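Coordinates in review
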Amino acid sequence: MDALELPNGKSNGHVSIKTPPPSPSPFRNSKFFTANLRILVTGGAGFIGSHLVDRLMENEKNEVIVVDNYFTGSKNNLMKWIGHPRFELIRHDVTEPLLIEVDQIYHLACPASPIFYKYNPVKTIKTNVIGTLNMLGLAKRVGARILLTSTSEVYGDPIQHPQTEEYWGNVNPIGVRSCYDEGKRVAETLMFDYHRQHGIEIRIARIFNTYGPRMNIDDGRVVSNFIAQAIRGESLTVQEPGTQTRSFCYVSDQVDGLIKLMEGENTGPINIGNPDEFTMLELAENVKELINPDIQVKKVGNTPDDPSQRKPDITLAKKVLGWSPKVTLRDGLPLMEEDFRKRLGVLKN
Ligand SMILES: O=C(O)[C@H]1O[C@H](OP(=O)(O)OP(=O)(O)OC[C@H]2O[C@@H](n3ccc(=O)[nH]c3=O)[C@H](O)[C@@H]2O)[C@H](O)[C@@H](O)[C@@H]1O
């Protein structure tokens, strides 16, 4: 999967537990590991994954193991940890079983940008279904707690607005996005079936659009596209109609939410996102104003099944996690601009 050439030419209150939970990992109680928590992060070389790893590594009691197949992730995102005694990096594809001893699993592995997840849809759905089964099998074997990063895409093109966790969604089961959104829906089902049947400790986050430093420059998602285009002096490509909305969460807020969810007592699913909602035309205006007021906005064709609106209701996250986002789009975009300028080698005038 690693060496794929992409079409764009870029490389690349829940049901109670009926069965008794398995006994906890022996490693939790063993003398050697008393001070340490072994944490596995699948997809840890990716955008959100690598920021999560940074935060987990700040705690000296944590040992962090990353597995990634580098389809969209990159070792560059983890350079500062390579060689650290509490850190391990394994090239591994989660569609294959993994046998290691861990206490917690953050299961992020899956391409997340529509152009990447639609490129090889069979592989995407295998990653979501077989990859999640493999990680649940591992959690069951070693008694680990597992957190799945699901997505706001489980709501499809939502009719309820904003979206609460109770909403079952409006999803096309046979469309070009289904490998991802239906894949994540099955992954959520697997999580709950393992929880009910085997007593696995689960956590499910529904991540809404997240942005920040380290996104792939040619990732294809809207914030990274607009920032790279503005820095390069190119027109901003607003896909039609431009009135579709998204709500953008800065990556540090997202990581806070994920860790609070893992550490808390609630299984989820819980929406983790920033409820400030923007049309794509408004986002383009914000980027223009910040980076280059002279650039043009160009309307281009859209892709099938693009959700027309999306905004998280975060009442549950506030209530059970004490979490809400802190970074506004106005504060987050300049941090991303700085990172993109460094990587593109284009300094601010
Ligand atoms: O974060 C989420 O909640 C989910 O949604 C995103 O999918 P999407 O919202 O379609 O992300 P983008 O590709 O960034 O598109 C957002 C909107 O911007 C528009 N867009 C995209 C790119 C572009 O150059 N111009 C543009 O106007 C799209 O038409 C769409 O309406 C992510 O890709 C998913 O991984 C994630 O699970």
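This is a predicted model, so every value here is computed, not measured.

**Some words on the overall build of the protein**
- The secondary structure content of the protein amounts to 10 helices and 13 strands.
- Within the protein, the fraction of its 349 residues that count as buried is 45%.

**Brief notes about the nonpolar core**
- Within the largest apolar cluster, 79 residues are counted, with the highest numbers of intra-cluster contacts made by Val41, Ile105, Ala139, Ile146, Phe226, Ile227 and Val287.
- Take this core: its biggest share by element is 7 residues, from helix α6 (residues 222-232).

**Remarks on the environment of alanine 228**
- Within the secondary structure, alanine 228 is located in helix α6.
- By the C-beta count within 10 Å, which is 20 here, alanine 228 ends up buried.
- Through-space distance from the C-alpha of alanine 228 to that of isoleucine 270 is 31 Å; in sequence the pair is 42 residues apart.
- Ignoring any residue separated from it by four or fewer positions in sequence, one finds alanine 228 in contact with Ile217, Phe340 and Leu344.

**A closer look at the packing of helix α4 (residues 121-142) against helix α5 (residues 178-198)**
- Viewed as axis vectors pointing N to C, α4 and α5 meet at an angle of 15°, and their least axial separation amounts to 9 Å. Looking at the two axes, α4 sits roughly parallel to α5. Considering the relative orientation of α4 and α5, their crossing is right-handed. Counted together, Pro121, Thr124, Ile125, Asn128, Val129, Thr132, Leu133, Leu136 and Lys140 of α4 and Cys179, Tyr180, Gly183, Lys184, Val186, Ala187, Leu190, Met191, Tyr194 and His198 of α5 form the full contact between these two elements.

**A short note on unusual backbone geometry**
- Here the amide bond leading from histidine 161 into proline 162 is cis, since omega sits at -10°, within 30 degrees of zero.
- Within the secondary structure layout, proline 162 lies in the loop between β5 (145-151) and α5.
- Looking along the chain, the bond that leaves glycine 268 and enters proline 269 is cis, with omega of 5°.
- Residue position: proline 269 is located in the loop between α7 (251-263) and β11 (270-272).
- Positive phi is not limited to glycine here, since tyrosine 70 has a value of about 65°.
- With respect to the element layout, tyrosine 70 can be found in the loop between β2 (62-68) and β3 (87-91).
- Unlike most non-glycine residues, aspartate 305 shows phi in positive territory, near 65°.
- Within the element layout of this structure, aspartate 305 appears in the loop between β13 (297-300) and α9 (315-321).
- Using a count of 16 C-beta atoms within 10 Å as the deciding quantity, one classes aspartate 305 as partly exposed.

**A short note on the sheet that holds β11**
- Spatially, β3-β2-β1-β4-β5-β6-β11 is the arrangement adopted by the 7 strands of the open sheet, whose pairing is parallel. The open sheet terminates on both sides in strands that have one partner only, identified here as β3 and β11. Neighbour-to-neighbour, the strand axes of the sheet open up by a mean angle of 20°, direction not taken into account.
- The sheet contact formed by β2 and β3 spans 5 bridges and is parallel. Looking at the pairing, aspartate 68 lines up with arginine 91 of β3.

**Details of the UniProt feature "domain: NAD(P)-binding" (unreviewed entry) in the protein**
- Feature annotation in UniProt places "domain: NAD(P)-binding" (unreviewed entry) on residues 40-334, given in this structure's numbering.
- As annotated, residues 40-334 has a helix share of 37% and a strand share of 18%, and its two end C-alpha atoms lie 31 Å apart.

**Some thoughts on the site of the ligand**
- Residues in contact with the ligand amount to 21 residues; listed here are only the nearest, Ala112, Thr151, Arg221, Val222 and Gln239.
- By residue class, the composition of the shell around the ligand is 7 nonpolar, 10 polar and 4 charged.

**Focus on the environment of alanine 317**
- Mapped onto the fold, alanine 317 is located in helix α9.
- For the pair formed by alanine 317 and glycine 233, sequence separation is 84 residues and the distance between their alpha carbons is 39 Å.
- Discounting chain neighbours no more than four positions away, the residues touching alanine 317 are Gly257, Ile270, Asn271, Ile272, Trp323 and Ser324.

**Let's talk about the packing of α6 against helix α8 (residues 280-291)**
- At a minimum axis separation of 10 Å, α6 and α8 run at an interaxial angle of 35°. Once α6 is placed against α8, the crossing between them reads as right-handed. Together, Val222, Phe226, Ile227, Ala230 and Ile231 of α6 and Met280, Leu283, Ala284, Val287, Lys288 and Ile291 of α8 make up the contact between the two elements.

**Here we look at the pairing of β2**
- Of all 7 residues in β2, 6 are buried, a share of seventy percent or more.
- The pairing of strand β1 (residues 37-42) with β2 spans 6 bridges and is parallel. Within β2, the residue paired with arginine 38 across the bridge is glutamate 63.

**Digging into α4**
- End to end, α4 covers 31 Å across 22 residues, agreeing with the expected 32 Å (1.5 Å per residue, within 8%).
- When we look at burial in α4, the residues that qualify are Thr124, Ile125, Thr127, Asn128, Gly131, Thr132, Asn134, Met135, Leu136, Leu138, Ala139 and Val142.
- Where the residues of α4 are buried, they touch β1, β4 (104-107), α3 (114-119), β5 and α5.
- Looking one or two places after α4, you find glycine 143, whose phi comes out positive at around 70°.

Each value, and the rule that gives it
- Residues numbered from 1 in each chain as written.
- Predicted model: local features only at pLDDT ≥ 70, side-chain atom pairs only at ≥ 80, totals over all residues.
- Helix = DSSP H or I, 4+ residues; strand = E, 2+ residues; numbered from the N terminus.
- Buried ≥ 20, exposed ≤ 12 C-beta atoms within 10 Å, placed from the backbone.
- Core = buried A, V, L, I, M, F, W, Y, C linked by C-beta atoms within 7 Å.
- Contact = placed C-beta atoms within 7 Å.
- Axes fitted to C-alpha atoms, helices over the stretch in contact; angles between N-to-C directions.
- Parallel < 35°, antiparallel > 145°, perpendicular 65-115°, else oblique.
- Left-handed = near helix turned anticlockwise from the far one by under 90°.
- Pairing = 2+ DSSP bridges.
- UniProt positions renumbered as here; feature names shortened; annotations may be inferred.
- Near = placed C-beta within 6 Å.
- Nonpolar A, V, L, I, M, F, W, Y, C, P; charged D, E, K, R; others polar.
- Expected span 1.5 Å × (residues − 1).

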